[in-house]
Amino acid sequence: MSRLVSAKEMLEKALAGHYGVAQININNLEWTKAVLTTAQELKAPVILGVSAGAGKYMTGFKTVEAMVSAMLDSLDITVPVALHLDHGTYDAAVACIKAGFSSIMFDGSSLPFEENFAKTTALVNTCDVLGLSLEAEVGAIGGEEDGVVGAGECADPEEAGKIAALGVTMLAAGIGNIHGVYPENWPGLRFDVLENIRAKTGNVPLVLHGGTGIPDEQVKKAISMGVSKVNVNTECQLVFTEATRKYIEEGNDLKGKGFDPRKVLKPGCDAIKEKVKEKFEVFGCVGKA
Ligand code: 13P
């Protein structure tokens, strides 16, 4: 029996308690271990995000589920952990449900609204029966995600309301946020749009994608207005790469057994832990598990 849980309860508590749960994307075993041990240490619930690309890199969703479930046992992780498909197509959503993920994001935002609505409806029913949480999306989030590039768009509050009414667990709706590093002339989050979306979506926890590089004060304001989950990916990749580069450039791989892959990867993993800690503190989820 896996220790993975649906994200529903943790997000409802976050919405009621006015804090955010972090979705941290994972790419390999070391990354996963760094995130889980930090969550346990800080007593924070956490959502592990897996993009289609990361799933493929780790040889498939089944491998990811097996690795994460086993790690929860072997590290004795007792804080709530959801394993979540990030920006899935309908087929990827079905594959992750079969693989034992506890949470699914179906991203139909690039489809005609009627198709997004129909496919989200089908998945709401399946996820309900299986006790999984489901994230839907309206209004594409800009930037680059697995090679797909878009602009910082805003969702239509009416469409957001219609998708929220289907009974999804959480809803991603663009408010000018983008994936990856923000351009220098980025005007910031559209709180006016967030307010309209909140007004049309009842009590559905909202999701803020593109958590890398949004000023902390803007993230906190979005959380105070009903965002309950904030996604972070690029920032962990940046600190991991930076720390690994430094380790090599300082010639540590040439000293003693410094070439040992476990040693080479350690500074990057330590950097991820620090970054995750920093994010948990900003989102206010420390001690909430
Ligand atoms: P960043 O890569 O900008 O942190 O965004 C992550 C994300 O939103 C994943 O869905």
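1. A few points about the packing of aromatic side chains
Stage number 1. Going through the model one piece at a time under the given rule, you end up with five aromatic pairs.
Stage number 2. With centroids separated by 4.1 Å and ring planes inclined at 50°, the aromatic side chains of tyrosine 182 and tryptophan 186 adopt a geometry described as tilted.
Stage number 3. Sitting above the plane of the phenylalanine 191 ring, lysine 221 keeps its charged end 4.4 Å from the centroid.

2. Looking at the pairing of strand S4 (residues 103-106)
Stage number 1. Here S4 shows no split at all, with Ser103 and Met105 on one side and Ile104 and Phe106 on the other all buried.
Stage number 2. Chirality of the crossover, the property in question, places the unit of S4, helix H6 (residues 113-130) and strand S5 (residues 133-138) among those that are right-handed.

3. A closer look at the pairing of strand S2 (residues 46-51)
Stage number 1. With six of six residues buried, S2 lies mostly within the body of the structure.
Stage number 2. Sheet topology note: the strand S1 (residues 21-25)/S2 ladder contains four bridges and is parallel. Bridge pairing in S2 links alanine 22 to valine 46.
Stage number 3. The parallel pair S1 and S2, bridged by helix H2 (residues 29-41), forms a crossover whose chirality is right-handed.
Stage number 4. Bridge count for S2 against strand S3 (residues 81-86) is six bridges, and the pairing is parallel. Bridge pairing links isoleucine 47 to alanine 82 in S3.

4. Quick word on the nonpolar core
Stage number 1. Core analysis: the biggest nonpolar cluster contains 92 residues, and Phe101 and Ile104 have the highest contact counts within it.
Stage number 2. The residues contacting phenylalanine 101, other than those within four sequence positions of it, are Val50, Phe61, Val64, Glu65, Leu83, His84, Leu85, Cys96 and Leu132.

5. Focus on the pattern of salt bridges
Stage number 1. Applying the stated criterion across every chain yields a total of 17 salt bridges.
Stage number 2. Ionic pairing is found between glutamate 115 and lysine 119, a salt bridge with its closest N-O pair at 2.9 Å. Here the residue glutamate 115 and the residue lysine 119 both occupy positions in helix H6, the gap between them amounting to four residues, near one helical turn.
Stage number 3. Owing to a relative accessible area of 30%, glutamate 115 belongs among the partly exposed residues under this scheme.

6. Topic: empty space enclosed by the protein
Stage number 1. Enumeration over the complete set of coordinates arrives at one cavity of 30 Å³ or more.
Stage number 2. Within this model, the largest cavity holds a volume of roughly 50 Å³.
Stage number 3. Leu171, Ala172, Ala173, Ile175, Leu194, Ile197, Leu206, Val207, Leu208 and Val227 together form the lining of the largest cavity.

7. Regarding the state of the cysteines
Stage number 1. One pass over the full model with this rule turns up zero disulfides.
Stage number 2. For cysteine 96, which is in no disulfide, the shortest distance to another cysteine sulfur is to cysteine 127 and amounts to 11 Å.
Stage number 3. Residue cysteine 96 is classed as buried on the basis of its relative accessible area of 0%.

8. Things to note about the site of the ligand
Stage number 1. Taken together, the neighbourhood of the ligand is formed by 13 residues, with Asp86, Gly180, Gly210, Thr212 and Thr234 sitting nearest.
Stage number 2. Between the ligand and histidine 87 there is a distance of 3.3 Å, counted from an oxygen atom to a side-chain nitrogen or oxygen.
Stage number 3. Between the ligand and the protein, one listed contact pairs an oxygen atom with a side-chain N or O atom of threonine 234 at 2.5 Å.
Stage number 4. Calculation on the ligand without its partners gives an accessible area of 300 Å², and the protein chains cover 99% of this total.

9. Overview of the environment of asparagine 27
Stage number 1. Secondary-structure assignment places asparagine 27 in the loop between S1 and H2.
Stage number 2. A relative accessible area of 19% places asparagine 27 in the buried class.
Stage number 3. Put simply, asparagine 27 and lysine 246 are 219 residues apart on the chain and 20 Å apart in space, counted from C-alpha to C-alpha.
Stage number 4. Ignoring anything within four residues of it in the chain, the contact list for asparagine 27 reads Ala54, Tyr57, Met58, Asn233 and Gln237.

10. Comments concerning the packing of helix H4 (residues 61-74) against helix H5 (residues 90-99)
Stage number 1. In the contact formed by H4 and H5, the axes pass within 9 Å of each other and the chain directions differ by 40°. Taken together, the axes of H4 and H5 are oblique relative to one another. At the point where H4 passes H5, the crossing takes the right-handed sense. Contacts between H4 and H5 involve Phe61, Lys62 and Glu65 from the former and Ala92, Ala95, Cys96 and Ala99 from the latter.
Stage number 2. The residue inventory of the contact of H4 with H5, partitioned by class, reads five nonpolar, no polar and two charged.

Cut-offs applied
Residues numbered from 1 in each chain as written. Predicted model: local features only at pLDDT ≥ 70, side-chain atom pairs only at ≥ 80, totals over all residues. Heavy atoms only, no water. Phe/Tyr/Trp six-rings, centres within 6.5 Å; stacked < 30°, edge-to-face > 60°. Lys NZ or Arg CZ within 6 Å of the ring centre and 35° of its normal. Buried < 20%, exposed > 50% of the residue type's maximum accessible area, 1.4 Å probe, protein only. Helix = DSSP H or I, 4+ residues; strand = E, 2+ residues; numbered from the N terminus. Right-handed = clockwise from strand over helix to strand, strands pointing away. Pairing = 2+ DSSP bridges. Core = buried A, V, L, I, M, F, W, Y, C linked by side-chain atoms within 4.5 Å. Contact = heavy atoms within 4.5 Å. Salt bridge = Lys/Arg side-chain N within 4 Å of Asp/Glu carboxyl O. 1 Å grid on protein atoms, 1.4 Å probe; cavity = no way out; pocket = protein on both sides within 12 Å on 5 of 7 lines; lining within 4 Å. Points joined across faces, edges and corners; volume = space filled by probe spheres on them. Disulfide = S-S within 2.5 Å. Near = heavy atom within 4 Å. Polar contact = N/O pair within 3.5 Å; in protein donor to acceptor, adjacent residues only side chain to side chain. Areas by Shrake-Rupley, 256 points an atom, 1.4 Å probe, with all protein chains shown as cover. Axes fitted to C-alpha atoms, helices over the stretch in contact; angles between N-to-C directions. Parallel < 35°, antiparallel > 145°, perpendicular 65-115°, else oblique. Left-handed = near helix turned anticlockwise from the far one by under 90°. Nonpolar A, V, L, I, M, F, W, Y, C, P; charged D, E, K, R; others polar.

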